[in-house]
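# What the coordinates show
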Amino acid sequence: MADQEQVRAHRRGDGEPDEAPPPTPSAPTTQAKDEDIDAILDDIDEALESNAETFVRQFQQKGGE
Amino acid sequence: MTVHRVMGIETEYGVSAPSDPGASAMLLSGQVVNAYAAPLGRSVARARWDYEDEAPLRDARGWEMARSAAHPSQLTDESGGSGVEPDDPGLANVVLTNGARLYVDHAHPEYSSPEVRTPRDVVRWDKAGERVMLKAARRIAESPGLTPVNLYKNNTDNKGASYGTHENYLMRRETPFAEIVRGLIPFFVTRQVFAGSGKVGIGQSGETPGYQLSQRADFFEVEVGLETTLKRPIVNTRDEPHASADKYRRLHVIIGDANLCEVATFLKVGTTALVLDLIESHALPDLTIERPVSTLHAVSHDPTLKQLVSLRDGRQMTAVQLQWLFFEAARAFIDSREEDDPGGQTEEVLRRWESMLTRLERDPMECHRELDCVAKLRLLNGFRDREAMDWNHARLQLIDLQYSDVRPDKGLYQRLAARGAVERLVSEEEIEEAVTTPPQNTRAFFRGECLARYGENVAAASWDSVIFDVPGMPSLQRVPMLEPLRGTRDHVGELLDSCPTARDLVHALTGR
């Protein structure tokens, strides 16, 4: 992990604060996030095609760029 | 040094018809383009593409490939290849009033965004492309007799085929191409930690169970080259500037994934623009890495971000740590200069880049509101926890695919966005406006406005020309636009306002 130390030391040398920068204002708290994920999964489940295997198998593309 | 630069993104969308799995992909793609263009009337549907200045076989390293040696798919200036009929769906090709190009590229509908100048505008007109595809799919679904199509903003079918999302950056011609290659390879190998869109399965056909950061990484086989459809290179050398060739080159970046997350797109182009500025300013340290192609694959295959990268000078570090070195070079260079940055997007890119790298080192899952590779993994892990599924389970592959569906009800990203579960940078109103309106500060303004105002008399257009067919004039009138920063609203807005007809405009421009 010497390399990791070196990178961090370099950052400090640049006058950057050692702590993480403040999270983006819209980032939820961990607790809210955990409550949220179940509701999200329920919502996603509703949108998923029911015939997963056939649906995935039939998605065949020609190569592009 | 800033993030301001002429740039844009072109995206080939995945296209399928679940009710008719055997349908021709080219036919479906032509249907998408025509369904979008038809209701816009003659103005848009009539304008053809002007291929005069295209040169897909010119190589940035200083030579040109013989046409006879090229794979047919490389002859992109012939559209559709040889032997196609004029009404072939493979030729469907329109220029939109927002300055974008919508056409069939190989077997995919492609939206090429207009030229913009800031990362935020890249996001805005890239998102407009998603809405264009959505409108096309809806119109097809509402048209009796047409086969409904699904459109996916992704880059692979996970069965061996890949299709591209290409970024374009205008650069100064005098910068030696070898320096661009040297600086970009280590950057491209490692930026996938935030720019990847995530994929279920390892390998070109997803044959090994697992999850990886990038849709595209497994399809890259060489370090540098001209090809885009086979032997794909980390740095593409196509030298087709669509501008004054003695002043500019257009860097054609083929290694990116199609991003749905606005922050991911913003960071991808913002950080790349900064690195290009470092290269042009000779301010980037030598970060050459060993075995770039296999390292590209290995970094993508480790979503825990612990994979080590070997530098030629002997150092070993993770991809995130190597990104820190790029960040620090950019931060130091900007701090050493005092330049105006109207709008502050340079600082925003740096702030987000730093925050992202900090959190990726601590726990990548902290970035689930901003990055596709994390947002997708969070959904997949959620279902894996609930239903105890292995990585090769069809439902996980379905989540991977449906994540990129452009429809608000079926697209999983779109559902996350509707719930406020991902961070947005542009409003729906801004995106809707960008569907029909061009950026004001590049030549895309002139192109888009010409289509909107004089579409009936535009015979053809391209990135660097508009061709008018004016009644009473004996020949077509071609207006070249070789300077990407001319033709802005400031430059031609008054002129256009003073010309009610195409004849007036041609007269004002040519004196004829």
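Owing to the predicted nature of the structure, the values given are computational and were not obtained by experimental measurement.

Within chain A one finds three helices and zero strands. Ordered by position from the N terminus, the helices and strands of chain A form the series α-α-α. Across the 65 residues that make up chain A, the buried fraction comes to 31%. Within the structure as shown, chain A displays about 4,200 Å² of accessible surface, and the carbon and sulfur contribution to it stands at 47%.

With 43 residues of chain A at the interface, the matching set in chain B holds 64 residues. In total, about 4,900 Å² of surface goes out of reach between chain A and chain B, with carbon and sulfur atoms giving 56% of it. The three residues of chain A that bury the most area against chain B are Phe59(A), Gln61(A) and Glu65(A), which together make up 19% of that side's buried surface. Our count for the chain A to chain B interface comes out at eight salt bridges. At the surface where chain A touches chain B, the tally comes to 19 residue pairs in polar contact (both at pLDDT 80 or more). Element by element, the count of residues in the side of chain A that touches chain B is highest for helix α2 (residues 30-47) of chain A, at 13 residues. Residue classes in the side of chain A that touches chain B are distributed as 16 nonpolar, ten polar and 17 charged.

Residues and elements named next belong to chain B. Per-residue pLDDT for chain B averages 94, and the proportion of residues at 70 or more is 97%. Throughout residues 80-86 the model reports pLDDT below 50, and contacts reaching past four residues in sequence, or to other chains, amount to six contacts. Interface confidence for the predicted complex, expressed as ipTM, amounts to 0.92; the pTM equals 0.92.

A few words now on the environment of Met317(B). Residue and element names in this part refer to chain B. The topology assignment puts Met317 in strand β15 (residues 316-318). In this structure Met317 comes out as buried when scored by relative accessible area, which is 2%. Taking the C-alpha atoms as reference points, Met317 and Thr229, 88 residues apart in sequence, are found 32 Å from one another.

A negative phi holds for most residues other than glycine; trans holds for most peptide bonds. Not every positive phi belongs to a glycine, and Asn158(B) is a case in point at roughly 65°. Mapped onto the elements, Asn158(B) comes out in the loop between β7 (150-152) and β8 (165-172).

Our focus in this paragraph is the pairing of strand β10 (residues 208-212) of chain B. Residue and element names in this part refer to chain B. Pairing between strand β9 (residues 199-202) and β10: three bridges, direction antiparallel. The partner of Ile202 across the bridge, within β10, is Thr208. Following β9, the chain reverses through five residues before pairing antiparallel with β10; Gly203 in that reversal takes a positive phi of roughly 105°.

A separate point is the environment of Val122(B). Of note, Val122(B) is situated in helix α3 (residues 119-142). In contact with Val122(B), other than residues within four places in its own chain, are Met7(B), Ile9(B), Val116(B), Thr265(B) and Val269(B).

Turning to the sheet that holds β8(B), a few remarks are in order. Residue and element names in this part refer to chain B. Strand order in the open sheet formed by six strands is β4-β5-β6-β1-β8-β13, and the pairing between neighbours is antiparallel. On the outer flanks of this sheet lie β4 (93-95) and β13 (248-253), each paired with one strand and no other. Between one strand axis and the next, the sheet turns by 20° as a mean value, whatever way the strands run. Two elements, strand β1 (residues 7-12) and β8, share five bridges in a ladder whose sense is antiparallel.

This part is about the pattern of salt bridges. Residues and elements named next belong to chain B. Counted under the stated rule, the structure contains 49 salt bridges over all chains. Put simply, Arg131 and Glu130 hold a salt bridge, and the shortest N to O gap is 3.6 Å. Here Arg131 and Glu130 have matching classes, each one buried. Among the charged side chains, a network of salt bridges with common partners joins Asp126, Lys127, Glu130, Arg131, Lys153, Glu262, Arg424 and Glu428.

Conventions and cut-offs
- Residues numbered from 1 in each chain as written.
- Chains lettered and ligands numbered in written order.
- Predicted model: local features only at pLDDT ≥ 70, side-chain atom pairs only at ≥ 80, totals over all residues.
- Heavy atoms only, no water.
- Helix = DSSP H or I, 4+ residues; strand = E, 2+ residues; numbered from the N terminus.
- Buried < 20%, exposed > 50% of the residue type's maximum accessible area, 1.4 Å probe, protein only.
- Areas by Shrake-Rupley, 256 points an atom, 1.4 Å probe, with all protein chains shown as cover.
- Contact = heavy atoms within 4.5 Å.
- Buried area = accessible area lost by both parts, 1.4 Å probe.
- Salt bridge = Lys/Arg side-chain N within 4 Å of Asp/Glu carboxyl O.
- Polar contact = N/O pair within 3.5 Å; in protein donor to acceptor, adjacent residues only side chain to side chain.
- Nonpolar A, V, L, I, M, F, W, Y, C, P; charged D, E, K, R; others polar.
- pLDDT = per-residue confidence, 0-100.
- Pairing = 2+ DSSP bridges.
- Axes fitted to C-alpha atoms, helices over the stretch in contact; angles between N-to-C directions.

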